Amino acid sequence: QVQLVESGGGLVQPGGSLRPSCAASGTIFSINDMGWSRQAPGKGRELVAVITSGGSTNYADSVKGRFTISRENAKKTVYLQMNSLKPEDTAVYYCNADVVLLGGPRYGMDYWGKGTLVTVSS
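The rules we used
Residues numbered from 1 in each chain as written. Predicted model: local features only at pLDDT ≥ 70, side-chain atom pairs only at ≥ 80, totals over all residues. Heavy atoms only, no water. Helix = DSSP H or I, 4+ residues; strand = E, 2+ residues; numbered from the N terminus. Rg over C-alpha atoms; globule rule 2.2 N^0.38 Å. Core = buried A, V, L, I, M, F, W, Y, C linked by side-chain atoms within 4.5 Å. Buried < 20%, exposed > 50% of the residue type's maximum accessible area, 1.4 Å probe, protein only. Contact = heavy atoms within 4.5 Å. Pairing = 2+ DSSP bridges. Axes fitted to C-alpha atoms, helices over the stretch in contact; angles between N-to-C directions. Phe/Tyr/Trp six-rings, centres within 6.5 Å; stacked < 30°, edge-to-face > 60°. Lys NZ or Arg CZ within 6 Å of the ring centre and 35° of its normal.

A few words now on the overall build of the protein chain. Across its full length, the protein chain holds zero helices and eleven strands. Starting at the N terminus and ending at the C terminus, the protein chain contains elements arranged as β-β-β-β-β-β-β-β-β-β-β. Computed over C-alpha atoms, the radius of gyration of the protein chain comes to 14 Å, within 12% of the 14 Å expected from 2.2 N^0.38 for 122 residues, which places it in the range of a compact globule. In terms of principal-axis extent, the alpha carbons of the protein chain reach across some 50 × 25 × 25 Å.

To continue, consider the nonpolar core. Taken as a class, soluble globular proteins show a tendency for nonpolar side chains to be buried jointly. Within the largest apolar cluster, 31 residues are counted, with the highest numbers of intra-cluster contacts made by Trp36, Phe67, Val78, Leu80, Met82, Tyr93 and Val99. Of all elements in the fold, only strand 1 (2-7), strand 3 (21-26), strand 4 (28-39), strand 5 (45-51), strand 7 (67-72), strand 8 (77-82), strand 9 (91-101) and strand 11 (116-120) reach the threshold of two or more residues within this core. With six residues, strand 9 is the single largest residue contributor to this core. Setting aside residues up to four positions removed in sequence, Leu80 forms contacts with Leu18, Arg19, Pro20, Trp36, Val48, Ala49, Phe67, Thr68, Ile69 and Tyr93.

All right, on to the environment of Pro41 then. Along the chain, the position of Pro41 falls in the loop between strand 4 and strand 5. For the pair formed by Pro41 and Thr90, sequence separation is 49 residues and the distance between their alpha carbons is 8.3 Å.

In this section: the pairing of strand 11. Along strand 11, the buried face is formed by Thr116, Val118 and Val120; none of Leu117 and Thr119, which line the opposite face, is buried. In this structure, strand 2 (residues 10-12) lies alongside strand 11, joined through three bridges in parallel fashion. Within strand 11, the residue paired with Gly10 across the bridge is Val118. Both strand 9 and strand 11 contribute to a ladder of three bridges, which runs antiparallel. Bridged to Val92 within strand 11 is Leu117.

Pairing within the open sheet is antiparallel, and its four strands lie in the order 1-3-8-7. Two strands lie at the open edges of the sheet, namely strand 1 and strand 7, each paired on one side alone. Direction aside, neighbouring strands of the sheet carry axes that sit 15° apart on average. Bridge count for strand 7 against strand 8 is six bridges, and the pairing is antiparallel. Looking at the pairing, Arg71 lines up with Val78 of strand 8.

Moving on to the packing of aromatic side chains. The final tally for this structure, using the stated rule, is zero aromatic pairs. The cationic tip of Arg45 hangs over the ring face of Tyr94; the distance from NZ or CZ to the ring centre is 3.7 Å. One residue, Arg45, lies across the ring of Trp112, its end atom 5.0 Å from the ring centre.

Structure, rendered in structure tokens:
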């Protein structure tokens, strides 16, 4: 019913920037929170950033001051501006969204994308 597709990952040098995006599609009435998580090789999934429908944001301490999450509601898209990238940021980045379905319950259901790989290396 709902699909989230990430794009914009890739290989960047330390200190560089990248701006992945994630577009939602399907039988969507509205979207509550949207967010980004990441999973480094051999590690568990870590929450990176969250943005509410009203634009309030929260970040993991490890990315605070370097990453900025934003959303464009008309396009059902969330972005993650990543600056001053470090090798430790290397991971598969996943977006997620709390989606209220058309014809469904009033509360939202959580959906996940399949991820986009970000590699920070010289």
